[in-house]
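Summary of the model geometry
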Amino acid sequence: MFPLRRLAAALALFGLLSPSVLGDNPINPGFQYGTDKVRGVNLGGWLVLEPWITPSLFDATGNDDIVDEWTFGQLQDRNTALSALQNHWDTWITETDFEDIAAAGLNHVRLPIGYWAFEVGPGEPYIQGQLPYLQKAVSWAETYGLKVIVDLHGVPGSQNGFDNSGHRISFPEWQSNSTNVERTDNIIKTIASMFANNPNVVSIIAPLNEPAGYDGEQMLSTVTQYYYDSYGNIRFPYGTSQQSNTVVLLHDAFQPLRLLALSYWNGYQTPPNWQGVAMDTHIYQVFSQADVEMSQQQHIQAACNQASSLSNFDLWLIVGEWSPAITDCAESLNGRGVGARYDGTYPGSSFVGSCSGLTGSASTFSSSYKTFLRQFWEAQTITYENAADGWIQWAWKIENADEWSYQAGLANGWIPQDPTDRQYPNICG
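This text gives an overview of the structure that appears in the document.

About the cut-offs
Residue numbering note: each chain is counted from 1, following its sequence as written. Under the rules for a predicted model, residues below a pLDDT of 70 receive no local features and side-chain atom pairs below 80 are neither given nor counted, while totals for whole chains, interfaces and linings still include all residues. Side-chain calculation: all heavy atoms of the structure are included, whereas hydrogens and water are not. Helix and strand labels come from DSSP, where a helix needs a run of H or I of at least four residues and a strand needs a run of E of at least two; each type is numbered from the N terminus. Both definitions apply: the radius of gyration is a C-alpha atom measure, and the globule rule equals 2.2 Å times residues to the power 0.38. Throughout, exposure labels follow a simple rule: accessible area from a 1.4 Å probe, protein chains only, divided by the maximum for the residue type, with under 20% read as buried, over 50% as exposed, and the rest as partly exposed. In this description, contact between two residues means that some pair of their heavy atoms is separated by no more than 4.5 Å. All tallies of charge rest on Lys and Arg as positive and Asp and Glu as negative; His and the ends of each chain are not included. In plain terms, the charge of a residue is placed at NZ if it is Lys, CZ if Arg, CG if Asp and CD if Glu. Convention adopted: a line fitted to C-alpha atoms gives each axis, helices being fitted over their contacting stretch, and angles between N-to-C directions are expressed from 0 to 180 degrees. The scheme is simple: roughly parallel for angles under 35 degrees, roughly antiparallel for over 145, roughly perpendicular for 65 to 115, oblique for anything else. Each crossing is labelled by how the near helix is turned from the far one, with a counterclockwise turn of less than a right angle marking it left-handed and a clockwise turn marking it right-handed. As a working rule, the residues Ala, Val, Leu, Ile, Met, Phe, Trp, Tyr, Cys and Pro are called nonpolar, Asp, Glu, Lys and Arg charged, and the rest polar, with Gly in that last group. Only a pair of cysteine sulfur atoms within 2.5 Å qualifies as a disulfide here. Residues belong to one nonpolar core when they are buried, are Ala, Val, Leu, Ile, Met, Phe, Trp, Tyr or Cys, and are joined through side-chain atoms within 4.5 Å. Every case where a carboxyl oxygen of Asp or Glu lies within 4 Å of a side-chain nitrogen of Lys or Arg is listed as a salt bridge. By definition, two strands form a pair when at least two bridges between them are found by DSSP. For a crossover, the right-handed case is the one in which the path from the first strand over the helix to the second runs clockwise, viewed with the strands pointing away from the viewer. Distance and chemistry together define a polar contact, namely a pair of N or O atoms within 3.5 Å, with one atom able to donate a hydrogen and the other to accept it when in protein, and with adjacent residues in sequence counting only for side-chain atoms on both sides.

1. A few points about the overall build of the chain
Each helix and strand in the chain was counted, giving 13 helices and eight strands. Computed over its C-alpha atoms, the radius of gyration of the chain comes to 21 Å, within 12% of the 22 Å expected for a compact globule of 429 residues. On the principal axes, the C-alpha backbone points of the chain span a range of 60 × 55 × 45 Å. Within the chain, the proportion of its 429 residues that are buried is 58%. Excluding contacts between residues fewer than 6 apart, the proportion of contacts in the chain whose partners are at least 24 apart in sequence is 76%. If you average the places of the 19 positive and of the 43 negative side-chain charges in the chain, the two averages end up 5 Å apart.

Encoded structure:
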């Protein structure tokens, strides 16, 4: 089925095969995507470790060379690592979080998980045990009426080299090894089959988070084909002849959605040949020197200006990661042991200002800064709802960077208990 599905997708793309071979019937994912707005949060740092989300977990190792989940399992006693992970999985996200997320008027959670939760190859030091928590999360979401996006956040060889892919390396290796891709295909088949009978809860599967499309043609061509294969693997899970109702959410691989009115993804997997496909784009204003040099008003205006690049896209479009943060001051945000551009401690950066009062506990935030966070939050959510199909903030909770935390925003007033409650409804004009 795997190569035939690939051939069918290619032939349908060029009009040489009836789209019915792929399954051209509209799906029913249990949420009115394209009509109702996605409002959600990412459960970051739970089933895929990130040093900046839970710095204490990494600091407790006493080893500065432990910078990601790969080295977490590789460079310390395995029983020690397993004990720390199990305690983290038990406590970082619980049923209470799902209750609170639903009470905050949100309708989706995006749940990052790594390939190693499903299989670990020879020589790979990852520690398993995440899958029971994935199942718990889906059960909790069902209890509180939330939709789940299962997001494959890390794949064999790493798709971007980021620590949040599980393995921080200088250049991604996933795309250069066909075995890596085949392993990933099989994991997507497994995820699709796990939740094929529960589309009213797991309404979306995202087959790959943030592939580094900027790294060249090999990555882009591999991702493009992998997305075709993922459509078949998700739409027709193991053991089923009928198409599933699960939405396929494709990250844009950092390719612009609008470039002289033409997107790299223009016309890709659009109806009627493909049904239930959505595009995921991530928007941050902290990961370049130019970003952190902007004034607060410029950050707000930049958010409002996103409308022109997001509007009228030819698939459902979700801003699957974004944040109210305007600096990269959060500890380990750029990698464990790496500094920040804002205060000039990042290699090659220029000092903009002190990080004091801009990250950490909200108790150190000024009232004017909290007011700005509310304005910036509203500018983004308004834009992502008006120009696209909704948003999923990164992240629900952060150990020591409240400016990123939805939970902290609720507690400290810059995020409303009802996400449709606007204090600045005309902030974008």
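2. Details of the packing of helix α10 (residues 296-305) against helix α12 (residues 367-386)
The N-to-C vectors of α10 and α12 enclose an angle of 15 degrees; their axes lie 8 Å apart at closest approach. When the axes of α10 and α12 are compared, the pair comes out roughly parallel. The element α10 and its partner α12 pack so that their crossing is right-handed. Each of Gln296, His299, Ile300, Ala303 and Cys304 in α10 lies in contact with α12, whose residues at this interface are Tyr369, Phe372, Gln375, Phe376, Ala379, Gln380 and Thr383. Looking at side-chain class alone, the contact of α10 with α12 contains seven nonpolar, five polar and no charged residues.

3. Points about the state of the cysteines
Here, the word disulfide means a covalent bond between the sulfur atoms of two cysteines. This structure, assessed with the given rule, holds two disulfides. Bridging cysteine 304 to cysteine 428, the disulfide has an S-S length of 2.0 Å. Negative torsions about the S-S bond denote left-handed disulfides, and the value of about -80 degrees found for cysteine 304 with cysteine 428 makes this one left-handed. With a gap of 124 residues between them, cysteine 304 in helix α10 and cysteine 428 in the segment after α13 (406-412) connect regions that are remote in the sequence. Residue classification places cysteine 428 among the partly exposed positions, given a relative accessible area of 31%. Through a disulfide, cysteine 329 is tied to cysteine 355; the S-S separation comes to 2.0 Å. The sign of the S-S torsion, about -75 degrees, decides the handedness of the disulfide formed by cysteine 329 and cysteine 355: left-handed. Of this pair, cysteine 329 sits in the loop between β7 (316-322) and α12 while cysteine 355 sits in the loop between β7 and α12, and the two are 26 residues apart along the sequence. Just as cysteine 329 is buried, cysteine 355 falls in that class too.

4. Points about the environment of alanine 395
You can see alanine 395 is positioned in the loop between β8 (390-393) and α13. The spatial distance from the C-alpha of alanine 395 to the C-alpha of asparagine 42 is 4.8 Å, given a sequence separation of 353 residues. Non-local contacts of alanine 395, meaning those with residues more than four positions away in its chain, are made with Asn42, Gly44, Trp404, Ser405 and Tyr406.

5. Overview of the nonpolar core
Among the nonpolar cores identified, the biggest contains 113 residues, and Trp46, Trp404 and Tyr406 are the most heavily contacted of them. Ranked by residues supplied to this core, first place goes to helix α8 (residues 217-235) with eight residues. Apart from residues lying up to four places away in sequence, tyrosine 406 is in contact with Val41, Ala104, Leu106, Trp377, Trp391, Gln393, Ala395, Trp396, Ile415 and Pro419.

6. Focus: the pattern of salt bridges
Taken as a whole and assessed by the stated rule, the structure comprises 11 salt bridges. The closest approach of N and O atoms between arginine 374 and glutamate 378, which form a salt bridge, is 2.7 Å. In this pair, arginine 374 and glutamate 378 both sit in helix α12, four residues apart, roughly one turn of the helix. Connected via shared salt-bridge partners are Arg110, Asp151, Asp280 and Glu321.

7. Thoughts on the pairing of strand β3 (residues 147-154)
Along any regular strand the residues' side chains alternate between the sheet's two faces. With eight of its eight residues buried, β3 lies for the most part within the structure. Strand direction decides the pairing type here: strand β2 (residues 108-114) and β3, joined by seven bridges, are parallel. Bridge pairing in β3 links proline 112 to aspartate 151. Taking the sense of rotation as the criterion, the β-α-β connection linking β2, helix α6 (residues 131-144) and β3 turns out right-handed. Since β3 and strand β4 (residues 202-206) lie parallel, the crossover through helix α7 (residues 178-195) that links them has a hand, and here it is right-handed.

8. Regarding the side chain of aspartate 68
Within the fold, aspartate 68 resides in the loop between α2 (55-59) and α3 (69-74). One buried charged residue, aspartate 68, remains without a salt bridge, the closest side chain of opposite sign being arginine 168 at 6.2 Å. A distance of 3.3 Å separates a polar side-chain atom of aspartate 68 from the backbone nitrogen of tryptophan 70. For aspartate 68, the contacting residues outside a window of four places in its chain are Phe58, Asp163, Gly166, His167 and Arg168.

9. What to know about the pairing of β8
Side chains of β8 alternate between two faces, with Gly390 and Ile392 and Trp391 and Gln393 buried alike. As paired strands, strand β1 (residues 38-42) and β8 are joined by four bridges and run parallel to one another. Bridge assignment links glycine 40 to a residue of β8, and that residue is isoleucine 392.

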